[in-house]
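# Architecture and fold: a report
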Amino acid sequence: MEESSEQLQTFSVRLFTMQEETMVEEGQRETHEEKERVQVEVSREPHISVRRHKGEQELTVLLTTGLEAQQLTVHDANKGAVFHLIVSEDTDGCQVGTQSFLLTVGTSSHLLQFETPLDMRNFQETLRRRGRVDEDGQKGCKNEGHERGYMDGVEGPMTSRTHPITPETKTKNGLAQCYQFHSCLSQQQSLLQDYLRTATYQKAILASEADFRDKVVLDVCCGSGILSSFAVQAGASRVYAVESSPMVEYTQILVHSNNQSEQISVLEGDVEQVSLPHLVDIIISEPMGYILLNNSLMRSFLYARKWLKPNGLMFPSCGDIHVAPFSDEQLYFEHYARASFWQQRSFYGVNLSALHSAAVDEFFRQPIVDTFDVQILMAQSVKHCINFVKAEEEDLLRVEIPFVFTLLQSGLVHGLAFWFDVAFQGSKSTVWLSTAPTEPLTHWSQVRCLLQTPLFAKLGQTLSGKVLLTANNRQSYDIHITATVEQSGFRSGNILELQNPFLRIPSWFHG
């Protein structure tokens, strides 16, 4: 008999179901011993019914991944089926808080509350693996990871030379797209609470009021719609806010509750798929990721120029990627020590040491997202400029940044540090948003990539080489670094996976 290709994952959860329904009279409401029903009115639309299944009883989720489909079943303690769902391209899902996940089909949404954040992440990873099986036709290995967790870290398909993304591909992988985009309120809250990000966008748009007044604006991947509201504050006559994730429902609520329905039209779908009635004067978006380019939103931002009038404006207008060498012995050994777990020779009676070398290699492929004191930088940064008005989508598939650094101090070069700036260039003013280590911290932080072997160099010597960012099929980039101390000939390098960063930022910063 042929062995089954199905894989089974089991998780303990509590289950809540939310569904639109018409309002009933008080005497018609049902009460059950094991069910709690709460009704909330949303802008005089049909009511949302929220009920918790099986009261305080813990339920079990069985997630079965086969070649044809992924099936999700919730059982009670007696193995009775409480809920069953076949995951398909019509299924939307996103993280809520740190240990809950929301699945939506049609007008029904089901919230799975897991016992631990780790269970929730494992559940997400299983869903992601299915998305990659659908895309490639075979099982793949994991990377990113919004995610981006998810913010910038959970991926779907991405454009590359061998796997070009198309509107059909993006529709087919709707669930994976939800991960990549900022699709739930918890992620949106983190973005909105990034003061430097939000305040700079508002400052840039209002400073260019003369450019926005009575103009038509396109907001690409609008999220909460905050940038659309800023455009209205600056006098825009019409804003088309495009969003493909489940967040679009919340965006519509915010637009309506802020009495901006006359100015803002919320369009559900990818910018590659939606159709506008006419060209626009300005395109606004927040397409930046780690090292500026770490997600597919940047390419969607450039694609949207098909709707831009000649001489129209892009906000942001251009971006600079900065690279500089750094020396940080503590970081290097701390990162190496992460693999010490795999040196154990009797872990519950099992010798893990055969995997220590592989673990070290894997950890060193992880870019480190954190912040640092500028005193660790060993030279002035070099920058690579991207003009969003003129750059083509194909230009982002392979970004090469050559560097020649004259070292300002002697010591070990442990790796390269990255950050970025973007400019909003209006007709009368230019406003910059910087993620440099000298500026207040943003949710992008900075990124550091370690060399496999540190390089010793002296004051005044030259470190040369290049950084090559190559697009992969996981909505992110592989980072290829080569570096040479010219006077000694010592060389080092590394290949890292930007979609799978190590988040070294304190947990309080991520909320």
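Whatever comes next refers back to the structure up there.
The present account deals with the structure reproduced in this document. Throughout, a residue's number is its position along its own chain's written sequence, starting from 1. The predicted origin of the model limits local features to residues at a pLDDT of at least 70 and limits the giving and counting of side-chain atom pairs to 80 or more, whereas totals for whole chains, interfaces and linings rest on all residues. Processing note: side-chain calculations cover all non-hydrogen atoms of the structure and skip hydrogens and water entirely.

Burial analysis of strand β11 (residues 238–243) places 5 of its 6 residues in the buried class, the great majority of the element. One requirement defines pairing of two strands: DSSP has to find at least two bridges between them. Helix and strand assignments come from DSSP, with helices taken as H or I runs of at least 4 residues and strands as E runs of at least 2, each series counted from the N terminus. As judged from the 4 bridges shared by strand β10 (residues 216–220) and β11, these two strands associate in the parallel manner. Bridge pairing in β11 places Leu218 opposite Tyr240. Here, the term right-handed applies to a crossover whose path from the first strand over the helix to the second runs clockwise when the strands point away from the viewer. Between β10 and its parallel partner β11, the chain crosses via helix α7 (residues 226–233), and the hand of that crossover is right-handed. As paired strands, β11 and strand β12 (residues 264–268) are joined by 5 bridges and run parallel to one another. Within β12, the position partnered with Tyr240 by the bridge is Ser265. Read from β11 through helix α8 (residues 247–257) to β12, the crossover connection turns out right-handed. Partly exposed describes any residue whose relative accessible area lies between the buried limit of under 20% and the exposed limit of over 50%, with all areas from a 1.4 Å probe on protein chains only and scaled to the type maximum.

This part takes up the pattern of salt bridges. Only one rule defines a salt bridge in this text: a Lys or Arg side-chain nitrogen within 4 Å of an Asp or Glu carboxyl oxygen. By the definition in use, this model includes 12 salt bridges. Salt-bridge contacts for Glu400 lead to Arg398; the nearest nitrogen and oxygen are separated by 3.2 Å. For Arg398, a relative accessible area of 41% puts it in the partly exposed group. The structure contains a network of salt bridges with shared partners spanning Asp328, Glu334, Asp370, Arg448 and Arg504.

Its place among the elements puts Gln375 in the loop between β16 (368–370) and β17 (382–387). Residue Gln375 is classed as exposed on the basis of its relative accessible area of 65%. Linking Gln375 and Phe326, residues 49 residues apart in sequence, is a C-alpha distance of 8.7 Å.

Among the structural elements, Gln461 can be located in the loop between β21 (446–457) and β22 (462–471). The exposure class assigned to Gln461 is buried, which follows from its relative accessible area of 16%. In terms of polar contacts, Gln461 uses its side chain to reach the backbone amide nitrogen of Lys458, at 2.9 Å. A 3.5 Å cut-off defines polar contacts: any pair of N or O atoms within that distance qualifies, except that in protein one atom must be a possible hydrogen donor and the other a possible acceptor, and neighbouring residues in sequence count only when both atoms are side-chain atoms.

With 86 residues, the main nonpolar core has Leu218, Leu292, Leu293 and Val467 as its most contacted residues. No other element matches the 6 residues that strand β19 (residues 411–425) contributes to this core. By definition, residues are in contact when any of their heavy atoms lie within 4.5 Å. Leave out the neighbours within four places in its chain, and Leu292 touches Pro287, Met298, Gly319, Ile321, Ile386, Phe388, Phe420 and Val422. Counting 18 residues, the second-largest nonpolar core is a separate cluster that includes Leu15, Leu59, Phe101 and Met120. Side-chain atoms within 4.5 Å link the members of a nonpolar core, which is a set of buried Ala, Val, Leu, Ile, Met, Phe, Trp, Tyr and Cys residues.

Within α7, 6 of the 8 residues are buried, which leaves the element mostly enclosed by the surrounding structure. Residues of α7 that are buried: Leu227, Ser228, Ser229, Phe230, Ala231 and Val232. Looking at the buried side of α7, the elements it contacts are α5 (195–207), α6 (209–212), β10, β11, β12 and β13 (280–285). Count one or two residues on from α7 and you reach Gly235, which has phi positive near 100 degrees.

Turning to the sheet that holds strand β14 (residues 308–315), a few remarks are in order. Overall, parallel pairing links the 5 strands, which are arranged β12-β11-β10-β13-β14 in an open sheet. At either margin of the open sheet sits one strand with a lone partner, and together these are β12 and β14. On average, each strand axis in the sheet is inclined to that of its neighbour by 20 degrees, with strand direction left out of account. Where α8 meets the sheet, its contacts fall on β11 and β12, and the angle it forms with β12 comes to roughly 170 degrees. Axis definition: a line fitted to C-alpha atoms, over the contacting stretch in the case of helices. Angles run 0 to 180 degrees between N-to-C directions.

Let's shift gears to the sheet that holds strand β23 (residues 477–485). Paired through their backbone hydrogen bonds, the strands of a sheet run either parallel or antiparallel. Pairing within the open sheet is antiparallel, and its 4 strands lie in the order β18-β22-β23-β24. Two strands in the sheet have a free side with no partner beyond their single neighbour: β18 (398–406) and β24 (491–497). Looking at each pair of strands side by side, their axes are set apart by 10 degrees on average, direction ignored. By the bridge criterion, 9 bridges tie β22 to β23 in an arrangement that is antiparallel. Pairing of Ala471 across the sheet is with Tyr477, part of β23.

On to the pairing of β24. Taking burial as the measure, the 7 residues of β24 include 5 buried ones, the bulk of the element. Where β23 and β24 come together, 7 bridges link them in antiparallel fashion. What sits directly across from Ala483, in β24, is Ser492. If you look at the hairpin formed by β23 and β24, you'll find 5 residues sitting between the two strands, and Gly489 has a positive phi there, around 80 degrees.

Take the environment of Ser492 next. For Ser492, the position within the fold is in strand β24. Spatially, the C-alpha atom of Ser492 lies 7.0 Å from that of Leu455, the residues being 37 residues apart in sequence. Among all residues touching Ser492, those that are not within four sequence positions of it are Leu451, Gln452, Thr453, Leu455, Ile481, Thr482 and Ala483. Polar contacts involving the side chain of Ser492 include one to the main-chain carbonyl oxygen of Thr453, which spans 2.7 Å.

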